Amino acid sequence: MTSPGAGYLLPPAPIETLDAYLATETGGLGLQRAQALGPAETIAEITRSGLRGRGGAGFPTGRKWQTIASSEGGRHYVVANGAEGEPATFKDRALMRANPYQLVEGLVIAAFAVGADEVFIALKARFEREIDRVTTAVAEMQQAGICADCRVTVVPGPDEYLFGEEKALLEAVEGKPPLPRLLPPYEHGLFASDVVTGWEPTAGVASANPTLVNNIETLSSVPPILARGADWHRSMGTAESPGHVVATVVGDVVAPDVGEIELGTPLGTVIDIVGSGLHGDRTVKAVMSGVANPVVRDLAIPVSYEGFAAAGSGMGAVGFFVLDDRACMVEAAHVMSRFLYVESCGQCPPCKLGSGELTDRLARIEAGVADRGDVDAIGHWLERVTDGNRCYLAVQERLVVSSVLGAFAEEVDQHLALGRCPRPRPEPLDLPKLDDLAGGVAVYDERQRRKQPDWTYA
Ligand SMILES: Cc1cc2nc3c(=O)[nH]c(=O)nc-3n(C[C@H](O)[C@H](O)[C@H](O)COP(=O)(O)O)c2cc1C
Ligand code: SF4
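A brief look at the structure comes next.

Criteria and thresholds
Residues numbered from 1 in each chain as written. Chains lettered and ligands numbered in written order. Predicted model: local features only at pLDDT ≥ 70, side-chain atom pairs only at ≥ 80, totals over all residues. Heavy atoms only, no water. Near = heavy atom within 4 Å. Polar contact = N/O pair within 3.5 Å; in protein donor to acceptor, adjacent residues only side chain to side chain. Areas by Shrake-Rupley, 256 points an atom, 1.4 Å probe, with all protein chains shown as cover. Helix = DSSP H or I, 4+ residues; strand = E, 2+ residues; numbered from the N terminus. Nonpolar A, V, L, I, M, F, W, Y, C, P; charged D, E, K, R; others polar. Pairing = 2+ DSSP bridges. Axes fitted to C-alpha atoms, helices over the stretch in contact; angles between N-to-C directions. Buried < 20%, exposed > 50% of the residue type's maximum accessible area, 1.4 Å probe, protein only.

1. Structural notes on the site of ligand 1
Thought 1: Taken together, 19 residues form the shell around ligand 1, and within it Gly 55, Lys 64, Asn 214, Asn 215 and Thr 218 come nearest.
Thought 2: Between ligand 1 and Gly 55, the relevant distance is 2.8 Å, taken from an oxygen atom to a main-chain nitrogen or oxygen of the residue.
Thought 3: Asn 214 places a polar side-chain atom, nitrogen or oxygen, 2.9 Å from an oxygen atom of ligand 1.
Thought 4: Its free accessible area being 610 Å², ligand 1 has 90% of it covered by the protein chains.
Thought 5: Of all the elements, strand E4 (residues 211-215) adds the most residues to the shell around ligand 1, at 3 residues.
Thought 6: Its residues assigned to classes, the shell around ligand 1 shows 5 nonpolar, 9 polar and 5 charged.

2. Brief notes about the sheet that holds strand E6 (residues 257-262)
Backbone-to-backbone hydrogen bonds join strands into a sheet, with any given pair of strands oriented parallel or antiparallel.
Thought 1: Across the sheet, 4 strands lie side by side as E6-E5-E8-E7; this open sheet has mixed pairing. Unpaired on one side and paired on the other, E6 and strand E7 (284-289) mark the two borders of the sheet. In this sheet, neighbouring strand axes are inclined to one another by 30° on average, regardless of whether the strands run parallel or antiparallel.
Thought 2: Two elements, strand E5 (residues 244-251) and E6, share 6 bridges in a ladder whose sense is antiparallel. Of the residues in E6, the one forming a bridge with Ala 247 is Gly 259.

3. Quick notes on the site of ligand 2
Thought 1: Close to ligand 2 lie 13 residues, the nearest being Cys 345, Gly 346, Cys 348, Cys 351 and Cys 391.
Thought 2: Within the shell around ligand 2, the residues separate by chemical class into 8 nonpolar, 4 polar and 1 charged.

4. Focus: helix H5 (residues 91-98)
Thought 1: H5 sits mainly inside the fold: 8 of its 8 residues count as buried.
Thought 2: Here H5 has its buried residues at Lys 91, Asp 92, Arg 93, Ala 94, Leu 95, Met 96, Arg 97 and Ala 98.

Here you go:
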């Protein structure tokens, strides 16, 4: 376990200038090593290091780079995914605030490795501080000749959750609404000119423009790995989850925060060290890793890809929403379901309609006006919500709602029997979509509660 702030991702204090970055132990050395190795060996080194994508799915980074590097058809692009829309997650913004230079160095290495001559950094327009930090870092590195020829564009994007979904991200970078396209970025990349019918992939066609999409933290992890070597990275964490991650801990904890941890650290320890534990004699009732994975209750679960998978869940972007023993889990399911319903784009009717039905039925149970017919309807829609889904959001709806109702079935029964919530809290539960997180204080986006299913605000 690394204490928050000490590690190779989050420096103890923000790095304010390029000179200060180059004066750190590894600043600039990753790119030098990549240039010495050449693209193929750089990819091989990242593959050997076992680095996995930190955007949520944990896809092996080296394998993704290899796919893009070896794909033919037009130009190659790299897009850094800084949308950071996952509730309970703030690590990408923390990294950009603390050390944007390491991110830009990682981006330049990625572009070199996959043969891209243009890169984009996609951030929400409202992340003004991070846009400023990253833009300044790019300009300093260009002036210093570290990436004299690199074409880097910072793209300010919309606030929608789907902006972070990689197929929607490319649409947004092209200036369109964030509606997931049909094919993944390696098959239908940025500015690919072919009309995509969905009947055949465009891979291999001259205009497919295979595009690498990596999360901010993934790219920030790359320079130290190249500077110090794959074995160094593998000496930390576990065999299947080497290295460190930046965890976010919010909810019913003393001091919500982000902190760098070694993979494999038990969940309870992460909550204690990053979030400063729970208040008084409160106990943990449930932990949600964002809104993308089944709920977990066991604090001994190692925070690793395989640790969460063995528990029937996923660690996602390592952002944990902690609910203590006072929580109403029907309310929790309703709040998360409503978020996914509102954010669903509606291109696949079962996703929008199903998540809307699930949200309405959960609201009825929570309010104490439901009957068994509502519970049956929930079962019906959980089976259908993913029908014909273009992206993973519909799966998230199914996983989150079914896991909470499965793990806390007795709470549903209590609501039905009592005709009211058995554990009302003075304040309604807020979805932890983070606007800011600093000094032990989490600021949630108050606008989210007013957001309507058509993406307008009440
Ligand atoms: C609904 C939805 C929202 C997502 N939001 C983000 C996001 O905000 N940031 C991010 O890096 N990945 C997000 N992802 C995952 C991306 O689609 C993609 O897997 C990731 O950027 C790949 O980078 P990686 O391999 O470095 O993890 C989201 C996925 C889905 C389905
Ligand atoms: S699954 Fe849902 S969010 Fe994803 S594209 Fe279809 S309607 Fe939109």
